Amino acid sequence: MLTDRQKLILKAIIDEYVISNEPVGSKMLTEKPYLDFSSATLRYEMQHLEEEGYLKKTHTSSGRVPSEQGIRYYVDNLIVRDEDVRQYYKYIDEILDDRYYSTDEKIKKICEFLSELTGYYVSIITYPNDSAKVLRLEIVPLSDSEAVLLIVTSTGDVESATIKIPNGYKIDDLMRIIQVFDTAMYGHSIYEIRDILSNEASKPRIRQMIDFKDDILNFMIKAFSGFLNGYVTSAGLSKLFNQPEFQDFNVMQRVIKAIDEYSLAKYKNSLTGGVIIHVGTDNPVRGLEECSSVLVPFSISENQNGVLSMIGPLRMNYKACVPILEFVANRMKKLKEEK
C-alpha cells in the first residue's frame, strides 16, 4: 500500500518521464511546486518505490524511470484526464460534420488526425451487431463481359466487386447463379453464411458454372469475412517508429508483426463501454511487450458498433490520450446521420 506522499511522487515521476523520456532525479522533483519535500525525503521515498517495484534505476543516470508495474499502478489509480485536450475536440467535430466526406473518409481522417496529434498508431474497427442479416445480392451490368456484384445487409453495410464474365457466357448466366445464392441467403444472419455458401457451392447447378463460380465464391467469402471480423482503418505506424523506444530494428520488427496480427474484433464481445488499457506484458498480442494500448468501444447505431484503439510506447501520454479517445468514441454516433 502506497502512502499519499509516495503516490504523489510516483505520479510526478511518470508525468515527467512521459514528456522527457529521461530518468528523473530528486533534484528535478524539488523544482515541482506541489512537492514541498526535502531532497533527502524524496530520495528516501524513491528508494522505497524502487524496492517495491514501481521504479527502476538505469545504468546511465542516478535518476529513476517507472517500471511496468509503476505505470500499471499509475494507469489504474493516479491518472487525471488532461483538460487541455478539449482544444482539439472542435477538429474532431469538424471532420464528422463535413458533409462532403463519406463515412469511410471521415474514419480515415479521424485516424490520421489522432496519429498526427499523438505520434502513435491509431486504428478504428467497425462491425455490425449479431442481428445483421443478408437483405439481397444484386448484379449491376457494366458491359457484356463485366458486372458489379453487391451484397447488402440489414445494417446498411454494402460490399461490391467486379465480376468478369468468361467467353461463352452471358450476363443472364451470372444473374441465375446470383439468384440461387440470393434465395439461399435471404434473411439469414451473416454468421450462417459460410455454411450456406459451402452447401450451395456443392450443388450440381452451381458446379455447372465453374468458369466464374470461383470468382463469385472468393468474393463472397472475403466480403462476409469483412462483415464478421470488422473493417479496420488505421494510420500512424511510421509516426510510432519515430518514438525513441522503437529505434531498435528488432523491436520494430516485433511490433510490425504484432500489429499485423492485432485483431480488434476479438474485443468486441468483451468491451462493455469502458476503457481498457494494456501496459507492456498485459497486451494479449505477443510482440507488443514494449507498447501500451488503449481501447475504447463506440456505437454508431443500434446495428453498428466498433472499437477505437491507440498503440504507443509504455510512457504513452495516458492523461491526454484517454479523454480524447473517449470524446471521439462518443461522437461516432454522428455517423448514423448518413445512414
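Residues numbered from 1 in each chain as written. Predicted model: local features only at pLDDT ≥ 70, side-chain atom pairs only at ≥ 80, totals over all residues. Heavy atoms only, no water.

Trainee: Sorry if this is basic, but what is going on with the packing of helix α5 (residues 89-97) against helix α13 (residues 318-331) here?
Mentor: Each pair of packed helices can be summarised by the angle the axes make with each other and by the distance between the axes. Closest axis-to-axis distance for the α5/α13 pair is 11 Å, and the angle between their directions is 25°. When the axes of α5 and α13 are compared, the pair comes out roughly parallel. Here α5 runs over α13; the crossing is right-handed. Mapping the contact onto sequence places Tyr 89, Ile 92, Asp 93 and Leu 96 in α5 and Pro 323, Ile 324, Phe 327, Val 328 and Arg 331 in α13. When its residues are assigned to classes, the contact of α5 with α13 shows 7 nonpolar, no polar and 2 charged. (Axes fitted to C-alpha atoms, helices over the stretch in contact; angles between N-to-C directions. Helix = DSSP H or I, 4+ residues; strand = E, 2+ residues; numbered from the N terminus. Parallel < 35°, antiparallel > 145°, perpendicular 65-115°, else oblique. Left-handed = near helix turned anticlockwise from the far one by under 90°. Contact = heavy atoms within 4.5 Å. Nonpolar A, V, L, I, M, F, W, Y, C, P; charged D, E, K, R; others polar.)

Trainee: What am I meant to see in unusual backbone geometry here?
Mentor: Across the chain, the bulk of peptide bonds are trans and the bulk of non-glycine residues have phi less than zero. One non-glycine residue with positive phi stands out, namely Asn 21, at about 55°. Mapping Asn 21 onto the fold places it in the loop between α1 (4-20) and α2 (26-30).

Trainee: Please explain the pattern of salt bridges as it appears in this structure.
Mentor: Two side chains that carry opposite charge are able to pair once their charged atoms sit near each other. Summed over all chains, the structure comprises 16 salt bridges. Between Asp 93 and Arg 331 there is a salt bridge, with its nearest N and O atoms 2.8 Å apart. Of the two residues, Asp 93 sits in helix α5 while Arg 331 sits in helix α13, which places them 238 residues apart along the sequence. Salt-bridge contacts for Glu 290 lead to Arg 254; the nearest nitrogen and oxygen are separated by 2.6 Å. (Salt bridge = Lys/Arg side-chain N within 4 Å of Asp/Glu carboxyl O.)

Trainee: Could you clarify how one ought to interpret the sheet that holds strand β4 (residues 134-141) in this entry?
Mentor: Either a parallel or an antiparallel arrangement is found when strands of a sheet pair, and the pairing is made through backbone hydrogen bonds. Taken in spatial order, the 3 strands line up as β4-β5-β6 in an open sheet, and their pairing is antiparallel. Here the strands that pair on one side only, and so sit at the sheet edges, are β4 and β6 (158-164). Taking the axes of each pair of neighbouring strands and ignoring which way they run, one obtains an average angle of 20° across the sheet. Sheet analysis places strand β5 (residues 146-153) next to β6, joined by 7 bridges and oriented antiparallel. Bridge pairing links Ile 151 to Glu 159 in β6. Sheet contacts for helix α7 (residues 171-185): β4, β5 and β6; angle to β4, the most-contacted strand, approximately 175°. (Pairing = 2+ DSSP bridges.)

Trainee: What is the right way to read the packing of aromatic side chains from this model?
Mentor: The relation between two aromatic rings is expressed through the spacing of the ring centres and the mutual angle of the planes. All told, the structure shown has 5 aromatic pairs when counted by the stated rule. Relative to Tyr 318, the ring of Tyr 74 has its centre 6.4 Å away and its plane inclined at 55°; by these criteria the two rings are tilted. Of the two residues, Tyr 74 is situated in helix α4 (residues 68-78) and Tyr 318 in helix α13; the sequence distance between them amounts to 244 residues. In terms of burial, Tyr 74 and Tyr 318 fall into one category: buried. Between the aromatic rings of Tyr 89 and Phe 327, the centroid separation amounts to 3.9 Å while the plane-to-plane angle is 5°, which identifies the pairing as stacked. Taken as a pair, Tyr 89 in helix α5 and Phe 327 in helix α13 lie far apart in primary sequence, 238 residues in all. Summarising the burial analysis for this pair, Tyr 89 and Phe 327 share the class buried. One cation-aromatic arrangement involves Arg 5 over Phe 37; the distance from NZ or CZ to the ring centre is 5.6 Å. (Phe/Tyr/Trp six-rings, centres within 6.5 Å; stacked < 30°, edge-to-face > 60°. Buried < 20%, exposed > 50% of the residue type's maximum accessible area, 1.4 Å probe, protein only. Lys NZ or Arg CZ within 6 Å of the ring centre and 35° of its normal.)

Trainee: What am I meant to see in the pairing of strand β9 (residues 291-301) here?
Mentor: The buried fraction of β9 is high, at 10 of 11 residues. Taken together, the 4 bridges between strand β8 (residues 276-279) and β9 define a ladder with antiparallel strand orientation. Bridge pairing in β9 links Val 279 to Ser 292. When β9 meets strand β10 (residues 304-313), the two strands line up antiparallel, connected through 10 bridges. In the sheet register, Ser 292 faces β10, and the bridge partner there is Gly 312.

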